[in-house]
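Chain by chain, the residues:
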Amino acid sequence: MTEKVHIAVALDGAGWHPAAWREPTARPTELTTAGYWRDLVRAADDAGVVFATIEDALTLEGRTAEADAGIRRDRVRGRLDALLVASFLAPLTRRIGLIPTVTTTHPEPFHLATGLQTLDHASLGRAGARIVAGSSPQERANFGRRGDGPVGFPASGHVEDDPAWQAAFREAGEVVDAIRRLADSWEDDAIIRDVESGRFLDRERVHNADFEGEFFSITGASIVPRSPQGQPLITALAHQSIPHRFAAEHADVVFITPGGAEEAAVIVAEVEQAAAEVRDEPERLRVFADLLVLIEATEAAAVEAWDRLEERAPIATDAHIAIGTAATIIDEIRTLAAAGVDGIRLRPARLPADLTAITEQVIPVARAAGILHDDDASPTLRQRLGLPLRSSRFAAQEVSA
Amino acid sequence: MSRRIHLAAHFPGVNNTTVWTDPTAGSQIDFSSFEYFARNAERGLFDYLFLAEGLRLREHRGRIHDLDVLGRPNTLAILAALAAVTENIGLVGTLSTTFNEPYELARQLATLDHLSNGRAGWNAVTSSDAFHGANFRRGGFLDHGDRYRRAAEFAELSKRLWASWRDDAILADADTGEFLRRDAIEQVAHRSDLFDIDARFDVPRSPQHRPLIVQAGDSADGRDFATAHADVIFSLHTEFEDAQEFYRDVKGRLAAVGRQEDDLKILPAASFVLGDTLEEARERSREIALAQVRPETAITYLEQVWNRDFSGYDPDGPLPDVEPDTGAESAQGFANRHAAVRSRIAKLREVAEAEKLSIRDLIIRLTANHTFVGTPDQVAADIDRYVQERATDGFTVVGHLTPHGLDEFTDRVIPLLQERGTYRTSYEEGATLRETLGVAGQPVAVEA
Ligand SMILES: Cc1cc2nc3c(=O)[nH]c(=O)nc-3n(C[C@H](O)[C@H](O)[C@H](O)COP(=O)(O)O)c2cc1C
């Protein structure tokens, strides 16, 4: 029997290949328009993609590790705030989860929390966040608020070897805690509108966050009443053991980047091991494998397209790359599914071309082949992923008290 | 030629203006409420939809204030969602200069401007105190003067960031491989005791170039800030002569900074109650006021001023004849509670005695005194008079119900303003918010 998986997509600019914007199908002058994002995410929604992540970064050069990033004139530059793009897309879509990338070093955690709660209200329960820890020196210069932080990746290549990165992940953990506490601060039924007593809400059911951390504190309750999912879906991309542990402890979904099915099985085991040690969350951590895809009608056309892109700007990527027809991609998905992941996050090499191939070919065929979870018409993102809605920790306390 | 009336539609929020006990009152948080409100405001051809902001739940005597509507969305996120379901109306949110950072807020506002195709606006407020600050990394450490200094530097920095991309920065030439023009983006550096920034902005120039800036604050510092940076002032001056005086004062400051009278619009908050006759409108006004100031609301208001427990007092009786407790602050998070307590109490007594008002009627007088009460004809004529006689450029209209509060205004008052020829009969297709409002379209020159 085939294991069933979910299909998600990761959206960024003109696609994940740095030369994608030069393709004839690209829309490089529209990357910051409403119409571009509306078209992309509506297509994904109609096809039944379970969620879309939207990349973000707080610098012009993005989060690239390229040494000469600066203002490179041959790369896509310029983007929109992902949380606001997701909010804009909420009323325009019906089922798809909307997962903006959020950075945890600079923004006020209170604003992040209320923004995500509002996304959850506006989307009727389809909000998530992809949490990114740490900051680059350029980000810090843009904000000018703090000088401390990682300078680059440590020589060893392992973030756990750098105290600044360790601190960044601790801070990211606090931000997630704060988001979850604020989301819980209003119980489901806090608004009572009791005309008799003149009370709009039952203040016994609204709780201060009272969050005290190493990096910041937040005293009050959220200004936003409880949203349909209770808590937004927390996701994180992880390649190494500190990020794995971070995801195991704090996330609902982790994105991993295996080189292939064998490695996927190894990473799933590592993540499960980490979860067994540090996880507080009530539900099992869901694992999605990232796969960068370029899809054409024939293998030869796909290879040719890929070579053309690579000639123009060679890609440096963390993710496994699959080049071929829809059938090639479906084979890859099947293999990863067998390795024990819950889902696949496809990163289209070119937008909109490869997203179109995903929505028009990969998903219908994979669905017909029985590889995908059926759409059970669950209204919220959590439920679609088989996660129960979260009840407020404060409500739980009352019951047990 | 007659002067054009400009109107903003204020989504009613967190205060006793919003009557939640009415059977037709809907949710203040569901997106459907915001969508309904925005569509109605767009039907009424309002210049923009306006949202206030509060960053902490208000407290009364150490506990969350539970009598009024409480809870609202994140300002930027809800405006971005509303951009998707509207076409022409401006989207203006209140956002603090104290609890945000310039790089981030400028990119969020530029994003909103892109997503709405040029309809974004920012009501830049400074409001801050330790109570609100306790929710933020940046606590409540700035005094009044420094808050406005931060606001001015913040606005200046935002404008420089918005202006830092050349219009034609994105070349996207697939053949040559040049996406970005050489020298397309200016570096923005600013160093003071408040900011130390060396930034390259990451959002291309937005359709409006510079989102609309609104100012709400009454002090001399506030007026200076508005003169230098704002396109609109959201004031509280609605009494006719007082409004004229405010108008003269503020508009008189513009020449000194090289701006024209019409470059800064004044749109005070206004409430309204309609009836088929004046008498009927007055009756409704009274009913609405009684719903806005219920007995417990009146007592709570006094408790906030006196900082004492007045639960034993009769709201229909006279003011308590006791001294205030000037110890620890009792009310937190309410606007305009800063005046010295004793002088405020003296004022309250004066008004109550002069007009022989009970506690509840006094509070109605203070917080539920509707700006325009009358037949649609009378209200339209009044609004027109304010604008023609330079008391305002229009109003920020707030209804008492969510989300239907402006339906009646749209149905009954707007057509009469249109008949008078002083209100638009359609939006200009594709106009930016600044164009809709008729404030200078190009960015104010910014020095590097
Ligand atoms: C009409 C009006 C509306 C205001 N609305 C808000 C608001 O929604 N949120 C907020 O934080 N502050 C709000 N404020 C506070 C002001 O922005 C300002 O910080 C405060 O009035 C102190 O400035 P001032 O001394 O110049 O009046 C408002 C002020 C006025 C006059």
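Residues numbered from 1 in each chain as written. Chains lettered and ligands numbered in written order. Predicted model: local features only at pLDDT ≥ 70, side-chain atom pairs only at ≥ 80, totals over all residues. Heavy atoms only, no water.

## Examining the overall build of chain B
A tally of regular secondary structure across chain B gives 14 helices and 18 strands. In terms of C-alpha radius of gyration, chain B reaches 23 Å, essentially the compact-globule figure of 22 Å for 448 residues. In terms of principal-axis extent, the alpha carbons of chain B reach across some 80 × 55 × 45 Å. Split into buried and exposed, the 448 residues of chain B put 61% on the buried side. (Helix = DSSP H or I, 4+ residues; strand = E, 2+ residues; numbered from the N terminus. Rg over C-alpha atoms; globule rule 2.2 N^0.38 Å. Buried < 20%, exposed > 50% of the residue type's maximum accessible area, 1.4 Å probe, protein only.)

## Observations regarding the overall build of chain A
The helix and strand tally for chain A stands at 12 helices and 13 strands. Taken over the C-alpha atoms alone, chain A extends approximately 75 × 50 × 40 Å along its principal axes. Counting all 401 residues of chain A, 62% fall into the buried class. Intrachain contacts of chain A at a sequence separation of at least 6 include 76% that bridge at least 24 residues. On chain A, roughly 14100 Å² of surface is accessible, and the fraction owed to carbon and sulfur atoms is 50%. Positive and negative charge centroids in chain A, built from 41 and 62 side chains respectively, lie 4 Å apart. (Contact = heavy atoms within 4.5 Å. Areas by Shrake-Rupley, 256 points an atom, 1.4 Å probe, with all protein chains shown as cover. Lys, Arg positive; Asp, Glu negative; His and termini not counted. Charge placed at Lys NZ, Arg CZ, Asp CG, Glu CD.)

## Some thoughts on the nonpolar core
Residue and element names in this part refer to chain B. In this structure, L7, F46 and L82 are the most contacted members of the largest nonpolar core, which totals 209 residues. Residues contacting L7, with those up to four places away along its chain left out, are F46, D47, Y48, F395, V397, F409, I414, L417 and Y423. Within the second largest apolar cluster, 19 residues are counted, among which are V293, W306, F310 and I345. (Core = buried A, V, L, I, M, F, W, Y, C linked by side-chain atoms within 4.5 Å.)

## A closer look at the UniProt feature "binding site: FMN" (unreviewed entry) in chain A
In the UniProt entry, the feature "binding site: FMN" (unreviewed entry) is given for A:D56 and A:T101. These annotated residues cover 46 residues of sequence, but their C-alpha atoms sit close together, with the largest distance between any two at 5.4 Å. Its location among the elements puts A:D56 in the loop between β2 (51–54) and α2 (82–89). With residues up to four places along the chain from it excluded, the contact list for A:D56 reads A:R63, A:R79, A:L80, A:D81, A:A82, A:T101 and B:R107. There is a polar contact of 2.9 Å between the side chain of A:D56 and the backbone nitrogen of A:A82. (UniProt positions renumbered as here; feature names shortened; annotations may be inferred. Polar contact = N/O pair within 3.5 Å; in protein donor to acceptor, adjacent residues only side chain to side chain.)

## A word on the sheet that holds strand β11 (residues 212–215) of chain B
Residues and elements named next belong to chain B. Taken in spatial order, the 9 strands of this open sheet run β13-β12-β11-β6-β5-β2-β1-β18-β14, and their pairing is parallel. Where the open sheet ends on each side, the last strands, each with one partner, are β13 (265–266) and β14 (269–270). Inspection of the sheet shows strand β1 (residues 6–10) paired to strand β18 (residues 394–398) by 5 bridges, in the parallel sense. Paired with H10 across the two strands is V398, which belongs to β18. Along the sheet face, helix α3 (residues 102–115) touches β5 (90–96) and β6 (120–125) and points at about 150 degrees away from the line of β6. (Pairing = 2+ DSSP bridges. Axes fitted to C-alpha atoms, helices over the stretch in contact; angles between N-to-C directions.)

## Quick notes on helix α7 (residues 240–252) of chain B
Residue and element names in this part refer to chain B. With 13 residues, α7 extends 18 Å between its outermost C-alpha atoms, agreeing within 8% with the 18 Å of an ideal straight helix rising 1.5 Å per residue. Of the residues making up α7, those classed as buried are F240, A243, Q244, F246, Y247, V250 and K251. The buried residues of α7 occupy an angular sector of 165 degrees when the element is viewed end-on, so they sit on one face. With respect to the buried face of α7, the exposed residues turned more than 90 degrees away are E241, E245, R248 and G252. Looking at the buried side of α7, the elements it contacts are α6 (220–229), β12 (232–233), β13 and α12 (376–388). (Expected span 1.5 Å × (residues − 1). Arc of directions from axis to C-beta.)

## Side note on the UniProt feature "binding site: FMN" (unreviewed entry) in chain B
Residues and elements named next belong to chain B. Here, the residues flagged by UniProt with the feature "binding site: FMN" (unreviewed entry) are T94, H144, Y148 and S219. Along the chain, the position of H144 falls in helix α5 (residues 144–162). By relative accessible area, which is 36% here, H144 ends up partly exposed. Once residues within four sequence positions are removed from consideration, H144 is found in contact with S219 and D221. Among the residues examined, S219 registers a relative accessible area of 23% and is labelled partly exposed. Setting aside chain neighbours within four positions, we find S219 in contact with H144 and Y148.

## Brief notes about the site of the ligand
Residues and elements named next belong to chain B. S127, H144, Y148, A216 and S219 are the nearest of the 15 residues found near the ligand. One of the side-chain N or O atoms of Y148 is found 2.7 Å from an oxygen atom in the ligand. Relative to its unbound accessible area of 610 Å², the ligand is 79% covered by the protein chains. (Near = heavy atom within 4 Å.)

## Overview of the pattern of salt bridges
Under the criterion given, the structure shown has 70 salt bridges over all chains. Between A:R245 and A:E277 there is a salt bridge whose closest N-O contact spans 3.0 Å. Of the two residues, A:R245 sits in helix α6 (residues 241–250) while A:E277 sits in helix α7 (residues 261–278), which places them 32 residues apart along the sequence. B:D276 is the partner of B:R412 in a salt bridge, and the nearest nitrogen-oxygen pair spans 2.7 Å. One end of the pair, B:R412, is in helix α13 (residues 407–419); the other, B:D276, is in the loop between β15 (272–274) and α8 (278–292), with 136 residues separating them in the sequence. (Salt bridge = Lys/Arg side-chain N within 4 Å of Asp/Glu carboxyl O.)

## What about the side chain of A:T325?
Considering the arrangement of structural elements, one finds A:T325 in the loop between β12 (320–324) and α9 (326–338). Other than its neighbours up to four places away in sequence, A:T325 contacts A:I295, A:E296, A:A297, A:T298 and A:E299.

## Considerations on the interface of chain A and chain B
Counting from both sides, the interface comprises 78 residues of chain A and, opposite them, 72 residues of chain B. For the chain A and chain B pair, buried surface summed over both sides reaches about 6400 Å², with 59% attributable to carbon and sulfur atoms. For the chain A face of the interface with chain B, the top three residues by lost area are A:R73, A:R203 and A:I223, together amounting to 12%. Our count for the chain A to chain B interface comes out at 7 salt bridges. Where A:E204 meets B:R63, a salt bridge forms, and the shortest distance between an N and an O atom there is 2.7 Å. Mapped onto the side of chain A that touches chain B, the elements with two or more residues apiece are α2, α3 (109–122), α4 (137–143), α5 (163–184), β5 (191–194), β6 (199–201) and β8 (217–218) of chain A. The leading source of residues in the side of chain A that touches chain B is α3(A), at 8 residues. Here the side of chain A that touches chain B is composed, by residue class, of 34 nonpolar, 24 polar and 20 charged. (Buried area = accessible area lost by both parts, 1.4 Å probe. Nonpolar A, V, L, I, M, F, W, Y, C, P; charged D, E, K, R; others polar.)

## A word on helix α1 (residues 34–47) of chain A
Look at α1(A): 20 Å from first C-alpha to last across 14 residues, which is about the 20 Å you get at 1.5 Å a residue. Every buried residue of α1(A) is accounted for by A:A34, A:Y36, A:W37, A:L40, A:V41, A:A44, A:D45 and A:A47. In the core, the buried residues of α1(A) are packed alongside β1 (6–11), β2, α2, β3 (97–103) and α10 (353–368) of chain A together with α3 of chain B. Looking one or two places after α1(A), you find A:G48, whose phi comes out positive at around 90 degrees.

## Here's the deal with the side chain of A:T114
Note that A:T114 resides in helix α3. Residue class for A:T114 comes out buried when judged on its relative accessible area of 2%. Within polar-contact distance, the side chain of A:T114 engages the side chain of B:N74 at 2.9 Å. Beyond its immediate sequence surroundings of up to four residues, A:T114 is in contact with A:S222, A:I223, A:V224 and B:N74.

## Quick notes on the packing of α3(B) against α5(B)
Residue and element names in this part refer to chain B. Remark: α3 packs on α5, axes separated minimally by 9 Å, with the N-to-C direction vectors making an angle of 55 degrees. On the basis of their axis angle, the class for α3 and α5 is oblique. As α3 runs across α5, the sense of the crossing is right-handed. Residues P102, Y103, L105, A106, L109 and A110 of α3 lie in contact with α5, whose contacting residues are F154, L157, S158, L161 and W162. Of the residues contributing to the contact of α3 with α5, the split by class is 10 nonpolar, 1 polar and no charged. (Parallel < 35°, antiparallel > 145°, perpendicular 65-115°, else oblique. Left-handed = near helix turned anticlockwise from the far one by under 90°.)

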